[in-house]
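Overview (structure and organization)
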Amino acid sequence: MRYLLISLIMIVNSSLSFAGQAEDIAQEADKRVHGYGDSTANLKMTLISASNETSTRQLRVKSLDLGKDGDRSLLIFDTPKDVSGTALLSHTQATGDDLQWLFLPSLARVKQISGRNKSGPFMGSEFSFEDMVISYWQKYSYKLLKEEKCAANNNLMCFVLEKTPLDSNSGYSKQLVWIDKQDYLQHRIEFYDRKSSLAKVYTASDFKKFSANLWRPTTMLMVNQQTHRQTRLDWSDYQFKTGLSKDDFTENALKRQK
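Anyway, here's the lowdown on the structure attached to this text.

Cut-off values and rules
- Residue indices begin from 1 for each chain and proceed along its sequence in written order.
- pLDDT decides what is reported in this predicted model: residues at 70 or higher carry local features, side-chain atom pairs at 80 or more are listed and counted, and totals for whole chains, interfaces and linings draw on all residues regardless.
- The side-chain quantities take in all heavy atoms of the structure and omit both hydrogens and water.
- Secondary structure counts use DSSP, requiring at least four H or I residues in a row for a helix and at least two E residues in a row for a strand, with both numbered from the N terminus.
- Computation of the radius of gyration draws on C-alpha atoms, with the globule rule given as 2.2 Å multiplied by the number of residues to the power 0.38.
- Residue contacts are counted whenever heavy atoms from the two residues lie within 4.5 Å of one another.
- Only the protein chains shown count as cover for residues, and all accessible areas are computed by the Shrake-Rupley method using a 1.4 Å probe.
- A residue counts as positive if it is Lys or Arg and as negative if it is Asp or Glu; His and the chain ends are not included.
- In this description, the location of a charge corresponds to atom NZ of lysine, CZ of arginine, CG of aspartate or CD of glutamate.
- Salt bridge, as applied in this entry: a Lys or Arg side-chain nitrogen positioned within 4 Å of an Asp or Glu carboxyl oxygen.
- In this scheme, a residue with accessible area under 20% of its type's maximum is buried, one over 50% is exposed, and one in between is partly exposed, where area comes from a 1.4 Å probe on protein chains only.

On to the overall build of the protein, then. When helices and strands are tallied, the protein shows two helices and 13 strands. Relative to its length of 258 residues, the protein is compact, with a C-alpha radius of gyration of 19 Å against a globular reference of 18 Å. In terms of principal-axis extent, the alpha carbons of the protein reach across some 75 × 45 × 35 Å. Across the protein, every contact between residues at least 6 apart in sequence was considered, and the portion connecting residues at least 24 apart equals 45%. Total accessible area on the protein stands at roughly 13,700 Å², and carbon and sulfur atoms take up 49% of it. Charge separation in the protein, taken as the distance between the mean sites of 35 positive and 30 negative side-chain charges, equals 2 Å.

Encoded structure:
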């Protein structure tokens, strides 16, 4: 009985240690995308149909890191003409609900995206509204599943984490994330829908380093495993510390974007 009790204690302690390690890894990965101050960038979005037909959109992106007060981001469509002026404003927080508003110039109105609708597709892409924000590590629980070669880069070893959203409105039951052991960058994410079926696979590549702990991928690809549609995001012209403030990320500012 004594040995059985000792074994059970060791198993429990090992599980707690593994969970703690997974959370530590998630926090390190989080540091690579936050703490940037503010930034601007250009974005090319390419929609790819199941039959490989493509259409492209050009966007401008503004972001502001407010530390404990969360992130702000603003995405503005410039082309094509039928979506020009459409803009998405997001207020992301480490705790509590994220807030999003969509400005539709054709209707001259701002529409708030409810928590229940954030799992819907963003402007016909394979990215959902939920995917269009840099989420904080505090929004999930974690398990460290294994270590293996990174799915997108066989020259690197990756931790493979299972992360489960704490938000009941999330469109995902879980995500599997490949984070490299060298720089703690997220190379691949598998998204599982509410029925626990593999829904989408995201890969990031061509990472650029802007400071000691600040990295950004220049290419992101989201592949829908059920419809076989894809969306590729190509980022360029990153600028940091441009002088943006909270006033640039309000509903009134959203309406003024051109």
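Moving on: the side chain of serine 63. Along the chain, the position of serine 63 falls in strand 2 (residues 54-65). Once you skip the residues sitting within four places of it in the chain, serine 63 turns out to touch Tyr36, Asp38, Ser39, Arg72, Ser73, Leu244 and Phe249.

This paragraph deals with the pattern of salt bridges. Applying the stated criterion across every chain yields a total of 11 salt bridges. Ionic pairing is found between arginine 32 and glutamate 28, a salt bridge with its closest N-O pair at 3.3 Å. Overall, arginine 32 belongs to the buried group, its relative accessible area being 9%. A residue is classified by how much of its surface remains accessible, and glutamate 28, at 24% relative accessible area, is partly exposed. The partner of glutamate 190 in a salt bridge is arginine 188, and the shortest N-O contact between them spans 3.0 Å. Side by side, glutamate 190 and arginine 188 carry an identical accessibility label, which is buried. Each of Glu28, Lys31 and Arg32 takes part in salt bridges that share partners, so that together they form one network.

Keep in mind these numbers describe shape, not what the thing actually does.
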